[in-house]
Amino acid sequence: MHIATVNPANGETVKTYHPMDEDELERRLQLAEATFRTYRTTTFEERSRLLHHAAEILDEDRDAIGKVITTEMGKPVTQARAEAAKCAKAMHWYADHAAELLADEEPAASDVKDSGASRALVRYRPLGPVLAVMPWNFPLWQVVRFAAPALMAGNVGLLKHASNVPQTALYLEDLFHRAGFTEGCFQTLLIGSAAVDDLLRDERIKAATLTGSEPAGRAVASTCGEMIKKTVLELGGSDPFVVMPSADLDRAAEVAVTARVQNAGQSCIAAKRFIVHTDVYDAFAERFVAGMKALKVGDPMDEDTDVGPLSSEQGRQDLEELVDDAVRAGATVLCGGERPDGPGWFYPPTVLAGIDREMRIHREEAFGPVATLYRADDLDEAVLIANDSLFGLSSNVWTRDEAEIDRFVRDLEAGGVYVNGMTASHPALPFGGVKRSGYGRELSGHGIREFCNITTVWHGA
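Residue indices begin from 1 for each chain and proceed along its sequence in written order. Where totals are concerned, whole chains, interfaces and linings use all residues; where local detail is concerned, this predicted model gives features only for residues with pLDDT of at least 70, and gives and counts side-chain atom pairs only at 80 or more. Here the side-chain values reflect all heavy atoms present in the structure, with hydrogen atoms and water set aside.

**Q** I'm lost on the overall build of the chain in this one. Help?
**A** Across its full length, the chain holds 15 helices and 19 strands. Computed over the C-alpha atoms, the radius of gyration of the chain is 23 Å, within 12% of the 23 Å expected from 2.2 N^0.38 for a compact globule of 461 residues. Referenced to the eigenvectors of the C-alpha coordinate spread, the extents of the chain come out at roughly 70 × 60 × 40 Å. The rule is simple: take the accessible area with a 1.4 Å probe, protein chains only, and divide by the maximum for that residue type; under 20% is buried, over 50% is exposed, in between is partly exposed. Expressed as a percentage of its 461 residues, the buried residues of the chain come to 57%. The contact criterion used throughout is that any non-hydrogen atoms of two residues lie within 4.5 Å. In the chain, 73% of the contacts between residues at least 6 apart in sequence involve partners at least 24 apart. Per-residue and other accessible areas follow the Shrake-Rupley method at a 1.4 Å probe size, with only the shown protein chains counted as cover for residues. Entry remark: accessible area of the chain is about 18800 Å², with carbon and sulfur atoms responsible for 50%. His residues and chain termini do not enter the charge count, which takes Lys and Arg as positive and Asp and Glu as negative. To locate a charge, take atom NZ for lysine, CZ for arginine, CG for aspartate or CD for glutamate. If the 47 positive side-chain charges of the chain are averaged to one point and the 70 negative ones to another, these points end up 3 Å apart. By the criteria applied, helices consist of DSSP H or I runs no shorter than four residues and strands consist of E runs no shorter than two, each listed in order from the N terminus. Throughout, radius of gyration means the C-alpha value; the globule benchmark is 2.2 Å times the number of residues raised to the power 0.38.

Take a look at the structure:
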């Protein structure tokens, strides 16, 4: 099993790690179980103090950890620093709001008196050790949006991070330890994917959350289903970005570029399918293609770089295969489409038009800076194209017509509908999808309650 930092900007191996052996893994499982017994009894005030401290440390570390992230997975360093800042804000948010989000709920006495109760309430109690299987594309944020609510709820966390971001994974364990959390509250497990199944079958693991590919989600859900364990899955996405005639085309095209190429397009919630009403199709396409062509692709450590490398050579090959398949089937390349010469796993911002349902890129997620353009004759066709996907993570709609907005919110099959703006996750808003994009929710009150024992407490008269 290869656990290593390999710089995607030049392909050089920076640092390698040996996977944990069975004895070390067992020690950590025992520690998680033992720590939970006491940590679960801590107060919200104590947990809040610790999490606020972790956020403060992360803010101080943002420059250093930003460079680590960029070295490990290629994100432009400006975006890496922004990711660290976002994580700190989310920690502060959960530290401030968890007690309110998990407060006892007490129905009116008149509603429960026929049950013979003098009083009844609902209490949210922690489950225990939760295993998080996390991806490399937002190596801090994906973990923090699990860890912050889990720790505030009184759970303890075990992280199996992607094998190409080990330094970031180890940093996270160290961060929580430096903040004052007991050693077993949050642990990083340097293990390969093959070890996950045995962990999920261990009775000490009470639940699991995964952000990643559809096959990985199926594997985790299958095992947890067999073991009757709660899971939250956030899988792939092929989000639509719909532009109607009343839209501000200049703003829509500007946001469309960012929505597609942020993190080199390696984002589940990146807009990928651009569905444009025929009346404004040509005008939008001209603006969009010009914006994509203007992006600076290069060294992710350069402050002026817009698009860094893809995270791996395999990722670039997978993207190229989708583009080549579409071109062979008749798609038109409006810009990009060919890998550049030189070291590193770079791929240019690319726009394809003339997409049909038989092309792989219509059915599969393009994880990189490749956009597909669709023409829609009216709102009904726009909705039809948008929903013609196995995924349903989020969606973007650009229109100033209130009736159209109501229709899109009602009819789009997605976990989010963002009107005249770009999809983004926020700690106060639930995040997750439908169809093959997964199930359950992260963030907000919905997310913190996912890994709680929702307990009915009944008092007799």
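**Q** Sorry if this is basic, but what is going on with the sheet that holds strand β16 (residues 418–419) here?
**A** Working definition: the strands of a sheet are paired by backbone hydrogen bonds and lie parallel or antiparallel to each other. Between any two strands, pairing holds if DSSP finds at least two bridges. Read across the sheet, seven strands follow the order β11-β12-β13-β10-β9-β15-β16 without closing on themselves; strand pairing throughout is mixed. Looking at the sheet topology across the chains shown, the edges are occupied by β11 (332–335) and β16. In this structure, strand β9 (residues 239–243) lies alongside strand β15 (residues 396–398), joined through three bridges in parallel fashion. Across the sheet, the residue bridging to valine 243 is tryptophan 398, located in β15. In the packing of helix α10 (residues 281–293) onto the sheet, contacts are made with β9, β10 (271–277), β11, β12 (350–353) and β13 (370–376), and the angle to β13 comes to roughly 175 degrees. Each of β9, β10 and β13 touches helix α13 (residues 379–387); the most contacted strand, β13, lies at about 145 degrees to it. Lines are fitted to the C-alpha atoms to define the axes, a helix being fitted only along its stretch in contact, and any angle between axes, read from their N-to-C directions, falls within 0 to 180 degrees.

So, to be careful, I would describe these as geometric facts and stop short of saying anything about function.
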